[in-house]
Amino acid sequence: MGIVVIGAVFVDIKGYPLSTYIPGGRNAGRVEQVHGGVCRNVAEDIANVELRPTFVSLVDDTGSGQDVIDKLAKHKVNTKYIEKVPDGMGTWLAVFDNDGDVCAAISKRPDTTPLTRLLEEKGDEIFADCDGIAFELDLEKDTVKQILRCAKKYNKKVYAAISNMSIAMERRAFLQEIDCFVCNQQEAGLLFSDEYDHMAPEEMCRTLAANVHSANIPCMVVTMGGEGAVYARSNGESGVVPAKKVDVIDTTGAGDAFFAGTVIGLTYGKTLPEACEIGSLGHLHGRECLPPVPPAGVWAEHPRGGLKHSISKNTAVYAIYGHTAVSFVRLCAAFQQIERGGDEQQRQRQLDDAPNEQAHHHQRQSHHEQHSCDHLGGAPGYPERQPHAFEEEPTEQK
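Predicted model only: the values in this text are computed from it and were never measured. The numbering scheme is per chain: residues are counted from 1 as the chain's sequence reads. Totals for whole chains, interfaces and linings use every residue, but because this is a predicted model, local features are given only for residues with pLDDT of at least 70 and side-chain atom pairs only at 80 or more, for both listing and counting. Here the side-chain values reflect all heavy atoms present in the structure, with hydrogen atoms and water set aside.

Caption draft 1: Molecular detail of the overall build of the chain. Strands here are runs of E lasting at least two residues and helices are runs of H or I lasting at least four, both read from the DSSP assignment and numbered beginning at the N terminus. When you go through the chain residue by residue, the secondary structure sums to 13 helices and 13 strands. Each of the 398 residues in the chain was classed as buried or not, and the buried ones make up 53%. Within the chain, contacts between residues separated by at least 24 positions form 65% of all contacts whose residues are at least 6 apart in sequence. When the accessible surface of the chain is split by element, carbon and sulfur atoms take 48% of a total near 18200 Å². Using a 1.4 Å probe on the protein chains alone, a residue whose accessible area is under 20% of its type maximum counts as buried, one over 50% counts as exposed, and one in between counts as partly exposed. Here, residues are in contact when the closest pair of their heavy atoms is within 4.5 Å. The Shrake-Rupley method, run with a 1.4 Å probe, gives the accessible areas here. Residue values count only the displayed protein chains as cover.

Following this line, the structure appears as structure tokens:
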């Protein structure tokens, strides 16, 4: 069943200024409405790297709720356990400044209590065969207890993020039962009743390691925006993951994409530093560059996914299942631009974006070579997949 993701769905209403933003003044701009919610974003991000997550959630019993289900289904997310109920979705209203950062926001949370009943009735079939569990810690307490009970019953790893730290503070006792908890620097300060905004990554790492050890939290990762992320385990392991350089368009959901990448890595056998590196690549590309549907080179219609072209297949599959944290979507986005007809210089820039010489080597390998990854799987720590019936190679790429 892949990774099971459990959380709330929101409708995000976002306003962007067309000129210099004036706090407290009237600003001409544009307003966008998109599907949001931490775990809805996470489920979509996991699906965007050709894994097949199951999303357990609620939506409104309206056309808007059906739109959420339809979009996730197009990304090949398993939507079997999304229920339609009154007041099933929340609303998040935010205004952004000229740097792409949120200057003000307010949210209306949905009623997520029906999730407890859903998990009581169908928890066994949801969790028994899953690869791992990711959820929002600020769900109802009874829902969190049900998730942790099922995880323990079936010996599944559990990873948690948050959307509202003030609510999650009431759930802090559960952190000792969670395999890895991810939050940002400000949220970590609230959790430990301290001020961390002034800290550089090295100091934040030392502080986190001490707090995690004293609180007996198994594992915790703190994102620090442009300064990267830090991680620590209760056994003393800790470290810093540098940030990747990127032109910021909109920071919304960047932390969700980091969480998704980290969960993927930890679920399928990567070390904590390697998982955070995958999260860092998700952070870079997850919300800012991902198109609304799988990019060129992705054969989403196949029940288990797949890739159209051998160049995409060899390189992208290696990126997920190899020993380096090269993003599948990052590479496919590059191939998409190349296939649109860029010049040789543009082609080289795109290939240079994949920071691994072996990725170049795999890119040049023949479609018929023995190690061309004719099935998704087979690398250490990742699930075996059945062979795909790939489409025939085009005689000419446009």
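Continuing now.
Caption draft 2: Layout of a negative patch on the surface. Negative charge collects at one region of the surface, where D111, E120, E140 and D142 lie side by side. Relative to the helices and strands, E120 is located in helix 3 (residues 114–127). You can call E120 exposed: its relative accessible area is 53%. For patch detection, residues must exceed 30% relative accessible area and be free of salt bridges, and they are connected within 9 Å for like charges or within 5 Å for nonpolar side chains (Val, Leu, Ile, Met, Phe, Trp, Tyr). Salt bridge, as applied in this entry: a Lys or Arg side-chain nitrogen positioned within 4 Å of an Asp or Glu carboxyl oxygen. Charged residues are defined here as Lys and Arg on the positive side and Asp and Glu on the negative side; His and the ends of the chain fall outside this count. A charged residue contributes its charge at one atom only: NZ of Lys, CZ of Arg, CG of Asp or CD of Glu.

Caption draft 3: How the structure looks around unusual backbone geometry. A positive phi angle, near 55 degrees, is found at D87, a position not held by glycine. Mapped onto the elements of the fold, D87 is located in the loop between strand 5 (82–85) and strand 6 (89–96). Since its relative accessible area comes to 38%, D87 is described here as partly exposed. In this structure, N216 is a non-glycine residue whose phi angle is positive, near 60 degrees. Mapped onto the elements, N216 comes out in the loop between helix 7 (201–215) and strand 11 (219–223).

Caption draft 4: Spatial organisation of the side chain of D256. As for its position among the elements, D256 is in helix 8 (residues 254–267). Under this definition, polar contacts are N or O atom pairs within 3.5 Å; protein pairs additionally need one hydrogen-donor-capable and one acceptor-capable atom, and for neighbouring residues in sequence, both atoms have to be side-chain atoms. For D256, the side chain forms a polar contact with the side chain of N41, separated by 2.8 Å. With residues up to four places along the chain from it excluded, the contact list for D256 reads G37, V38, N41, V42 and D45.

Caption draft 5: Up close: the confidence of the model for the chain. Predictor confidence is given residue by residue as pLDDT, running from a minimum of 0 to a maximum of 100. Confidence along the chain averages 76 in pLDDT terms, with 68% of residues attaining 70 or more. Summarising per-element confidence for the chain, the mean pLDDT is lowest in helix 10 (residues 310–321) (30) and highest in strand 1 (residues 3–6) (98). This model gives residues 283–347 a pLDDT under 50, and the stretch forms 163 contacts once residues within four places in sequence are excluded. In this model residues 354–398 is a low-confidence stretch, pLDDT under 50, and it forms 91 contacts with partners more than four residues away in sequence or in other chains.

Caption draft 6: Expanded view of the sheet that holds strand 4 (residues 54–60). Taken together, the nine strands give an open sheet; going across it, the order is 5-4-1-8-9-10-11-12-13, and neighbouring strands pair in mixed fashion. Both edges of this open sheet fall to strand 5 and strand 13 (238–241), since each of them pairs with a single strand only. On average, adjacent strands in this sheet sit at an angle of 15 degrees to one another, irrespective of strand direction. Both strand 4 and strand 5 contribute to a ladder of four bridges, which runs parallel. When DSSP locates at least two bridges between a pair of strands, those strands are taken to pair. With axes taken as lines fitted to C-alpha atoms, and helix axes fitted only over the stretch in contact, angles between N-to-C directions fall between 0 and 180 degrees.

Caption draft 7: The nonpolar core, seen in detail. In terms of nonpolar packing, the biggest core is built from 46 residues, with I6, F135, L137 and M220 touching the most fellow members. Dropping the residues within four chain positions of it, F135 is found in contact with I6, C39, V144, I147, V158, Y159, A160, A161 and I178. We call a set of buried residues a nonpolar core when its members are Ala, Val, Leu, Ile, Met, Phe, Trp, Tyr or Cys and they connect through side-chain atoms within 4.5 Å of each other. Listed in part, the 40 residues of the second largest apolar core include A47, V77, I264 and Y268.

Caption draft 8: Representation of the packing of aromatic side chains in the model. Only Phe, Tyr and Trp rings take part, Trp by its six-membered ring, and two of them pair if their centres are within 6.5 Å. Stacked means planes under 30 degrees apart, edge-to-face means over 60, and tilted covers everything else. Throughout the structure, instances matching the rule amount to one aromatic pair. Considering the side-chain rings of Y16 and F96, the 4.9 Å spacing of their centres and the 15 degrees angle between planes classify their relative orientation as stacked. Here F96 lies in strand 6 and Y16 lies in strand 2 (residues 9–17), a separation of 80 residues in the sequence. In this structure, Y16 and F96 share a single accessibility class: buried. A ring is scored as having a charge over it whenever the NZ atom of a lysine or the CZ atom of an arginine sits within 6 Å of its centre and within 35 degrees of its normal. Here the guanidinium or amino end of R30 rests over the ring plane of Y16, the centre of that ring lying 4.2 Å away.

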